[in-house]
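Structure at a glance
Residue strings, one per chain:
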Amino acid sequence: RSVVDPTDRLAVVSDRVDLDAFFQVGLLGHFALVVDAPVVAWQNGNGPDYDGGPSLAVVAVRDPRLAFRARLLGEDATVERQRHEGEGLAIQVSTTVPLGHTDSFAGEGAPVVEGALLGDFHLLDFGVGAQIGWRHHFSEPTILGVPFRNQLYAGLAIQVPAFFLDHLVAIAEVDVTTD
């Protein structure tokens, strides 16, 4: 709600473009360490209007995420294959490192831990994947009077090969989160 007119609702962040750089190292074929380095490449909003504070930064660093994943079912990654096919099941635990800019809605100021069950199935470069997990916010942030506590989340993704270029795929993903 606006400080000027409390009956007026407005978006604190109305438009945002995020970029993520992922780095992954496989261990013994069934394990992986992952680093996610996200940034806000551009954002627009009503930062000074919602609380009378400074304007919203256009570019910001987000909280990096560290994850450990263990594959329980499916082919291991120790053998080079033309394509990975079949089913897979894994568990993943992760935490964020509170380095993001909290005043730009890019960080929480405290770690966020997650635990998830991941599943996938691939056939002829087509694939489908799903995840379900739990997220705990240590800071329990409140934005515009709405607290963010523990959350359940789920996602579904499909992968389709780009037939005009080898090893290029398109992925469409839908994620939902509850509070």
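Attention in this report is confined to the structure presented alongside it.

**Some details on the overall build of the chain**
Looking only at helices and strands, the chain features one helix and 11 strands. Helices and strands appear in the chain in the N-to-C order β-β-α-β-β-β-β-β-β-β-β-β. For the chain, with 179 residues in total, the buried portion stands at 26%. Summarising the internal contacts of the chain: among those between residues at least 6 apart in sequence, 53% fall at separations of at least 24. Accessible surface, the chain as shown: approximately 11400 Å² in total, 62% of it carbon and sulfur.

**A short note on the packing of aromatic side chains**
In this description, an aromatic ring pair is defined by two values, namely the gap between the centres and the angle between the planes. This model, assessed by the stated rule, comprises two aromatic pairs. Pairing Phe31 with Phe68 gives two aromatic rings, centres 5.9 Å apart and planes at 15°, and the pair type is stacked. Of this pair, Phe31 sits in strand E2 (residues 31–45) while Phe68 is found in strand E4 (residues 65–73), placing the two residues 37 residues apart along the sequence. On the basis of relative accessibility, which here comes to 34%, the residue Phe31 falls in the partly exposed class. Arranged with centres 6.2 Å apart and planes meeting at 55°, the rings of Phe126 and Phe163 form a pair that is tilted. Highlighted residues: Phe126 in strand E7 (residues 126–137) and Phe163 in the loop between strand E10 (151–161) and strand E11 (169–177), separated in sequence by 37 residues. A cation sits over an aromatic face here: Arg135 above Tyr153, 4.3 Å from the ring centre.

**Overview of a nonpolar patch on the surface**
On the surface, a nonpolar cluster with roughly 850 Å² of combined accessible area is contributed by Phe121, Leu123, Leu124, Phe126, Val128, Leu156, Ile158, Val160 and Phe163. Listing elements by their share of the nonpolar patch, those giving two or more residues are strand E6 (112–123), E7 and E10. A per-element tally of the nonpolar patch places E10 first, with three residues. By the secondary structure assignment, Leu156 is in strand E10.

**Description of the environment of Asp76**
Relative to the assigned elements, Asp76 resides in the loop between E4 and strand E5 (86–96). In the structure, Asp76 is positioned 45 residues away from Phe31 in sequence and 8.9 Å away in space, judged by C-alpha atoms.

**A few points about the environment of His136**
Take His136: it is sitting in strand E7. Excluding residues within four positions of it along the chain, His136 makes contact with Pro111, Val112, Val113 and Asn150. Within polar-contact distance, the side chain of His136 engages the side chain of Asn150 at 2.4 Å.

**So, the pattern of salt bridges**
All told, the structure shown has five salt bridges when counted by the stated rule. Residues Arg16 and Asp18 are paired through a salt bridge, measuring 4.0 Å at the closest nitrogen-oxygen approach. Residue classification places Arg16 among the partly exposed positions, given a relative accessible area of 30%. Judged by its relative accessible area of 34%, Asp18 is partly exposed.

**A closer look at the pairing of strand E1 (residues 13–27)**
If a strand is regular, its side chains alternate between the two faces of the sheet. Direction of pairing for E1 relative to E2: antiparallel, over a ladder of 14 bridges. Paired with Asp18 across the bridge in E2 is Val40. Joining the antiparallel neighbours E1 and E2 is a turn of three residues, in which Leu28 adopts a positive phi near 55°.

**Structural notes on the pairing of E6**
Inspection of the sheet shows E5 paired to E6 by 10 bridges, in the antiparallel sense. The residue of E6 that forms the bridge with Val93 is Gly115. Of the strand pairs in this sheet, E6 and E7 are connected by 12 bridges, and their pairing is antiparallel. Across the sheet, Leu117 pairs through a bridge with Ile132, a residue of E7. As consecutive antiparallel partners, E6 and E7 are separated by two residues, and within that stretch Leu124 has a phi angle of approximately 55°, a positive value.

Basis of the calculations
- Residues numbered from 1 in each chain as written.
- Predicted model: local features only at pLDDT ≥ 70, side-chain atom pairs only at ≥ 80, totals over all residues.
- Heavy atoms only, no water.
- Helix = DSSP H or I, 4+ residues; strand = E, 2+ residues; numbered from the N terminus.
- Buried < 20%, exposed > 50% of the residue type's maximum accessible area, 1.4 Å probe, protein only.
- Contact = heavy atoms within 4.5 Å.
- Areas by Shrake-Rupley, 256 points an atom, 1.4 Å probe, with all protein chains shown as cover.
- Phe/Tyr/Trp six-rings, centres within 6.5 Å; stacked < 30°, edge-to-face > 60°.
- Lys NZ or Arg CZ within 6 Å of the ring centre and 35° of its normal.
- Patch = residues over 30% accessible without salt bridge, like charges linked within 9 Å, V, L, I, M, F, W, Y side chains within 5 Å.
- Salt bridge = Lys/Arg side-chain N within 4 Å of Asp/Glu carboxyl O.
- Polar contact = N/O pair within 3.5 Å; in protein donor to acceptor, adjacent residues only side chain to side chain.
- Pairing = 2+ DSSP bridges.

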